[in-house]
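# A look at the structure
Chain by chain, the residues run as shown.
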Amino acid sequence: MKDFVKKYWITLLGVGFIFLAFLYFLKLAIDLEWIPPTARAAIGMAIGLSGLFAGYTLVSRTKGMFGEIAAGLGTSILYATFAYASFSKDIQWSANALMISLIALSSLVTIVGYRMNMRILVFLSLLGALLTPVVIRAHVEQDWLLFLYVLVINIAALWLSAIKDWQELRVMSFVATVFIFISYYLYFDPESWGKPFFYASSLFLVYMTGLILASWHEKKRFEGLNLYLGLLNALHFVFWSMYILDEFTIPYALPLMIVGFIFITAGLIIHRISANAFLPIGSYLMLGILVIAIAAGDLGTLFETKGMHYVVSTSVWLVLGTLIYFAGVYLKHPMIRNAAIAIWGLVMMYWYSVAWEVEWVEWFGVRYIPFINPGALVWIAMAVLGFSYSRLALKHSSQEERHNNQILSTILAIASHLVVGGLFTVQIMNLWEAYEVHRVEVGLILSVSWFIYALLIFLWGAYTRTTTFRVFGTIVLTVATLKVLVIDLSGHATMHKVITLLIIGIVTVFTGLTNKRWAEKDELISENIPQPEEA
């Protein structure tokens, strides 16, 4: 592309001005009604065909560059004539007539450019085709025709650009199409969001697909210009989708969420095609994460329940982190897996800071169902993921990473137990608030749950043979005991306090027996380990 631009940019600039002179002459003839409408179309076709014939004659006389310029200029004029015949109120070709003419002419340009390697001809033809709608504007009710017109030109440009490695075509067509979209959005001033959003989405998908296929055809070259255009294409769509939907006060979260997952999918497809293309893979994955992060912040506005936006944001990030973890497993890349685990840790801290503000939702006519509420489901999902990461950290570790991953696994398991503790605490508090239970103090029930929680921690430690949980369980027992002695037993003696102390005592005895059995097993194992002989 660099050599092409260096050699021909001044020549192409001059030809572009000649073509613009024709377009503005045609516009002037329309405005001043110098020539009848049918005659304008006929003159345009005659000039276009003359350019094609002159180009063919010059090429046959070995004057290739001048022939390509003449033929390209003639083809551009034909495109302009087709656009005028379709967009002008005086003629208004049908959609079928425009499509047949466009496909026929674009096919001719594509075949000639491909078979005869006429790079200048193709560039001038498609550039002229895309410049035409800017000068000869379609009317508001013809936006669908304009969309078809631009779509056909872009498909021809992307296909030839990929097959012949003419990168200037994809740059020119992308820039021109973006300019057309911007100018027509301002010109039409749409009254609804549907059409402009559909056109922006179509442009995004066409170039996303075209650039990936072009990169694959060009010996899997995903970096450089293809990556740059891909990122510009993504940023263009993200900006317009947010701008269009926000202008019509419509949440932009869902479409952006879909785009984010498309980016992540594109990154995985690129990895499948070329595992060494780290820059484009990382760029698309990171862009997908950023877009989803932007969308998650807006998705909560769809709900009226207090705190539901916290539920939505946390859920999105848990799903995203899970996808990243599985991508790390698929790519066999420990850094990606660790990044997913780090996301889980940050989300857990975020959720602990906001979960207390989440209101429950009445389902099935029941005021409150413990453990079956949006907030509770987030707690449960977070705990399941945490315990899963804890086990998988050891499963996917090499011999050299075993020690560090053992520490990581323990930290994740402890954090997951904190999540379980938060789950029980919130469910009990919500249950007491929802049904206005006054006979039994919620503090007493919380104390019972924490002692049961401490028992579960000791059981988990005995099962996983991890001494750290003995320390963690002891801390929970100590805090719960202090709460009972200092807070719960203050005031008058009641039968509820008697029953609570009895339950706590029974649970504590079971915890002690678990700890004793665990310690005896550890001693037995240590006695069976052969000791080194003294010298």
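See above for the structure.
A short tour of the structure in this document, coming up.

Conventions used here
Residues numbered from 1 in each chain as written. Predicted model: local features only at pLDDT ≥ 70, side-chain atom pairs only at ≥ 80, totals over all residues. Heavy atoms only, no water. Helix = DSSP H or I, 4+ residues; strand = E, 2+ residues; numbered from the N terminus. Buried < 20%, exposed > 50% of the residue type's maximum accessible area, 1.4 Å probe, protein only. Contact = heavy atoms within 4.5 Å. Areas by Shrake-Rupley, 256 points an atom, 1.4 Å probe, with all protein chains shown as cover. Polar contact = N/O pair within 3.5 Å; in protein donor to acceptor, adjacent residues only side chain to side chain. Axes fitted to C-alpha atoms, helices over the stretch in contact; angles between N-to-C directions. Left-handed = near helix turned anticlockwise from the far one by under 90°. Nonpolar A, V, L, I, M, F, W, Y, C, P; charged D, E, K, R; others polar. Parallel < 35°, antiparallel > 145°, perpendicular 65-115°, else oblique. Phe/Tyr/Trp six-rings, centres within 6.5 Å; stacked < 30°, edge-to-face > 60°. Core = buried A, V, L, I, M, F, W, Y, C linked by side-chain atoms within 4.5 Å.

Scanning the protein chain for helices and strands turns up 18 helices and 0 strands. Counting over 535 residues, the protein chain shows a buried share of 48%. Of all intrachain contacts in the protein chain linking residues separated by at least 6 positions in sequence, the fraction that spans at least 24 positions is 73%. A total accessible area of about 27,700 Å² is found for the protein chain, and carbon and sulfur atoms account for 69% of it.

Within the secondary structure layout, asparagine 154 lies in helix H6 (residues 143-164). One polar contact links asparagine 154 to threonine 177, side chain to side chain, over a distance of 2.9 Å. Sequence-distant contacts of asparagine 154, that is, excluding residues within four places in its chain, are made with Leu130, Ser173, Thr177 and Tyr207.

On to the packing of helix H13 (residues 334-354) against helix H14 (residues 374-395). The interhelical angle for the contact between H13 and H14, taken along N-to-C directions, is 150°, at an axis separation of 11 Å. As for the relative orientation of H13 and H14, their crossing is left-handed in sense. Mapping the contact onto sequence places Ile341, Trp344, Val347, Met348, Trp351 and Tyr352 in H13 and Gly375, Val378, Trp379, Met382, Leu385, Gly386 and Tyr389 in H14. A per-class count over the contact of H13 with H14 returns 11 nonpolar, 2 polar and no charged.

So, on to the packing of H6 against helix H7 (residues 167-188). Following both chains from N to C, one finds H6 and H7 inclined at 165°, their axes separated by 8 Å at the closest point. Relative to H7, H6 is oriented roughly antiparallel. Note on packing geometry: the crossing formed by H6 with H7 is left-handed. Along its contact with H6, which presents Asp143, Leu146, Val150, Asn154, Ala157, Leu158, Leu160, Ser161 and Ala162, the element H7 presents Gln167, Leu169, Arg170, Ser173, Thr177, Ile180, Tyr184 and Phe188. Partitioning the contact of H6 with H7 into residue classes produces 10 nonpolar, 5 polar and 2 charged.

With that settled, consider unusual backbone geometry. A positive phi angle, near 70°, is found at phenylalanine 371, a position not held by glycine. Examined against the element boundaries, phenylalanine 371 turns out to sit in the loop between H13 and H14.

Along the polypeptide, threonine 425 turns up in helix H15 (residues 402-434). Leaving out residues up to four positions away in the same chain, threonine 425 has contacts with Trp356, Leu446 and Trp450.

Here we take up the packing of aromatic side chains. Scanning the model with the defined rule gives 17 aromatic pairs in all. Relative to tyrosine 243, the ring of tryptophan 240 lies with its centre 5.6 Å away and its plane at 85°, an arrangement referred to as edge-to-face. Linking tryptophan 240 with tyrosine 243, this pair stays in helix H9 (residues 225-247), spanning 3 residues, or about one helical turn. On the accessibility criterion, tryptophan 240 (6% relative accessible area) is buried. Taking relative accessible area as the criterion, tyrosine 243 reaches 39% and is therefore assigned partly exposed. By the ring-pair criterion, three or more aromatic residues cluster together here, those being Phe181, Phe239, Trp240 and Tyr243.

Here we come to the nonpolar core. If you look at the biggest cluster of nonpolar residues, it comprises 117 residues, and the most contacted ones within it are Tyr79, Tyr149, Phe263, Trp344, Trp351 and Met382. Apart from residues no more than four positions distant in its own chain, tryptophan 344 is found in contact with Leu318, Met382, Leu385, Gly386, Tyr389, Leu412, Ala415, Ser416 and Val419. Within the second largest apolar cluster, 7 residues are counted, among which are Leu158, Val178, Leu203 and Tyr207.

Coordinates in, geometry out; function isn't part of it.
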